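# Tertiary structure, described
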Amino acid sequence: MTTQTAIKVHITPPAPDLLAGATVIVLDILRATTVHDALIAGGAQRIYPVADFAAGIALRTKLGDAKLIGEINALPPPQADYGNSATEFAALDVRDWKVVHVTSNGTRALLGAAQAAQALSACLRNRAAAVERTLAQATDRIAIVCSGDHGGSAPSVEDAFAAGAYVDAIHQAAPHLALQGGARLALKLYDAYDRNPATAFADSPHARRLQDLGFHQDLKYAAEIDVSTTIAVLSQDQAGCPYLHSD
């Protein structure tokens, strides 16, 4: 890491070429990246993020021994083996699982970070661990990518709030790093919600939908900060297929 390193926040996913060579943190707090933390913490071997269920079914068939998980409009479709609930996976024995993961926003944002020098799937739960790894490996650009809503076409309150939480933690650890415009905006949003995830979630349409669907425990789980030491790193297999694994 050099003293010229700059921190930038993308409130929605940028074009993939803008992340090429950067150190990237991808956030989808409700719920994909929180699910990744639960799976990796439980001993899952690999998580393959894919953009849609057609691709997910094809990859599950190719891998042979993988679980297909995910959601459409927050609920698992019939072809999925499991849904997109972090608390469900935290309660299961997922040791050595290979997982193909489909979500509306987060898995697509991760695929957009495939050209990064390093990309992490991160959430509030593993913020301290992800920041430590980021600063240890940082290039001259740290990009925090919010997965957003509606396929990444619109900002999400929870991801922008979490981006501010990450900016704060990075700035506390390395105050000499430059904060670019998006980073300052995210930090102000984090402060505006009193640095309280529950307050931010109360303003989130997606959080309200999850609550209406009965996923109260997922919201509580996702709101916990700095309770996990898990790191989920994005790599590519021999066929060039992106997957997440433990550091």
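This text gives an overview of the structure that appears in the document.

### Some details on the overall build of the protein chain
For the protein chain, the helix and strand inventory stands at 10 helices and 10 strands. Relative to its length of 247 residues, the protein chain is compact, with a C-alpha radius of gyration of 16 Å against a globular reference of 18 Å. If one aligns the C-alpha atoms of the protein chain with their principal axes, the spans along those axes are about 50 × 40 × 30 Å. Looking at the protein chain residue by residue over its 247 residues, the buried ones come to 55%. A fraction of 76% describes how many contacts in the protein chain between residues 6 or more apart in sequence connect residues 24 or more apart. When the accessible area of the protein chain is evaluated, it comes to approximately 10100 Å², of which 49% is carbon and sulfur surface. Taking the average location of the 19 positive side-chain charges in the protein chain and that of its 25 negative ones, the two points are 2 Å from each other.

### Looking at the side chain of Glu 71
Note that Glu 71 resides in the loop between strand S4 (66-70) and helix H3 (86-91). The side chain of Glu 71 sits in the buried core without any salt bridge; Arg 31 is the nearest counter-charge, 5.8 Å away. Among the polar contacts made by the side chain of Glu 71, one reaches the main-chain amide nitrogen of Asn 73 at a distance of 3.2 Å. From its side chain, Glu 71 meets the backbone nitrogen of Ala 74 in a polar contact 2.8 Å long. When near neighbours in sequence (up to four residues on either side) are disregarded, Glu 71 contacts Phe 53, Pro 76, Pro 77, Asn 84, Val 102, Thr 103 and Ser 104.

### What about the state of the cysteines?
The full count for this structure, using the stated rule, is 0 disulfides. You can see Cys 146 has no disulfide; the closest cysteine sulfur is in Cys 123, sitting 14 Å from it.

### Things to note about the pattern of salt bridges
Overall, the coordinates contain 10 salt bridges when judged by the stated rule. Residues Glu 224 and Arg 125 are paired through a salt bridge, measuring 2.4 Å at the closest nitrogen-oxygen approach. In this pair, Glu 224 sits in the loop between helix H10 (216-222) and strand S9 (232-236) while Arg 125 sits in the loop between strand S6 (118-122) and helix H5 (127-137), placing the two residues 99 residues apart along the sequence. Between Asp 168 and Arg 195 there is a salt bridge whose closest N-O contact spans 3.2 Å. With Asp 168 in helix H6 (residues 157-173) and Arg 195 in the loop between helix H7 (181-192) and helix H8 (197-201), this pair connects stretches of sequence that are 27 residues apart.

### Comments concerning the environment of Ala 6
Residue placement: Ala 6 occurs in strand S1 (residues 6-10). Those residues within four positions of Ala 6 in sequence are excluded, and the remaining contacts are Asp 140, Arg 141, Ile 142, Ala 178 and Gln 180.

### A word on the packing of H5 against H6
Running from N to C, H5 and H6 point in directions that differ by 55°, and their axes come no closer than 10 Å. Judged on the interaxial angle alone, H6 and H5 are oblique. For H5 against H6, the interelement crossing comes out right-handed. From H5, Arg 127, Ala 130, Val 131 and Leu 135 reach across to H6, where they touch Ala 165, Tyr 166, Asp 168, Ala 169, Ile 170 and Ala 173. Among the residues making up the contact of H5 with H6, the classes are represented as 8 nonpolar, no polar and 2 charged.

Criteria and cut-off values
- Here the residue index of a chain counts from 1 through its sequence in written order.
- Where local features are concerned, this predicted model is filtered to residues with pLDDT of at least 70; where side-chain atom pairs are given and counted, the filter is 80 or more; whole-chain, interface and lining totals use all residues.
- The side-chain quantities take in all heavy atoms of the structure and omit both hydrogens and water.
- Going along the chain from the N terminus, every DSSP run of H or I of four or more residues is numbered as a helix, and every run of E of two or more is numbered as a strand.
- Values of the radius of gyration come from C-alpha atoms, whereas the globule rule sets the reference at 2.2 Å times the count of residues to the power 0.38.
- Only protein chains enter the calculation, and the probe is 1.4 Å; a residue is then buried if its accessible area is under 20% of its type maximum, exposed if over 50%, and partly exposed in between.
- Note on contacts: a residue pair is in contact if any heavy atoms of the two residues lie within 4.5 Å.
- For every accessible area listed, the method is Shrake-Rupley and the probe measures 1.4 Å; residues are considered covered only by the protein chains on display.
- In this count, Lys and Arg are taken as positive residues and Asp and Glu as negative ones, while His and the chain termini are left out.
- Charge positions come from single atoms, namely NZ of Lys, CZ of Arg, CG of Asp or CD of Glu.
- Salt bridges, as used here, are contacts in which a Lys or Arg side-chain nitrogen is within 4 Å of a carboxyl oxygen on Asp or Glu.
- In protein, a polar contact means a hydrogen-donor-capable atom and an acceptor-capable atom, both N or O and within 3.5 Å, with residues adjacent in sequence counting only if both atoms are side-chain atoms; elsewhere, any N or O pair within 3.5 Å suffices.
- In this description, a disulfide is simply a cysteine sulfur pair whose atoms lie within 2.5 Å.
- Axis lines are fitted to C-alpha atoms, over the contacting stretch for helices. Their N-to-C directions set the angle, which ranges from 0 to 180 degrees.
- For classification, angles of less than 35 degrees are called roughly parallel, those exceeding 145 degrees roughly antiparallel, those between 65 and 115 degrees roughly perpendicular, and all remaining angles oblique.
- Less than a right angle of anticlockwise turn of the near helix away from the far helix marks a crossing as left-handed, whereas a clockwise turn marks it as right-handed.
- Throughout, the ten residues Ala, Val, Leu, Ile, Met, Phe, Trp, Tyr, Cys and Pro are labelled nonpolar, Asp, Glu, Lys and Arg are labelled charged, and all others, Gly among them, are labelled polar.

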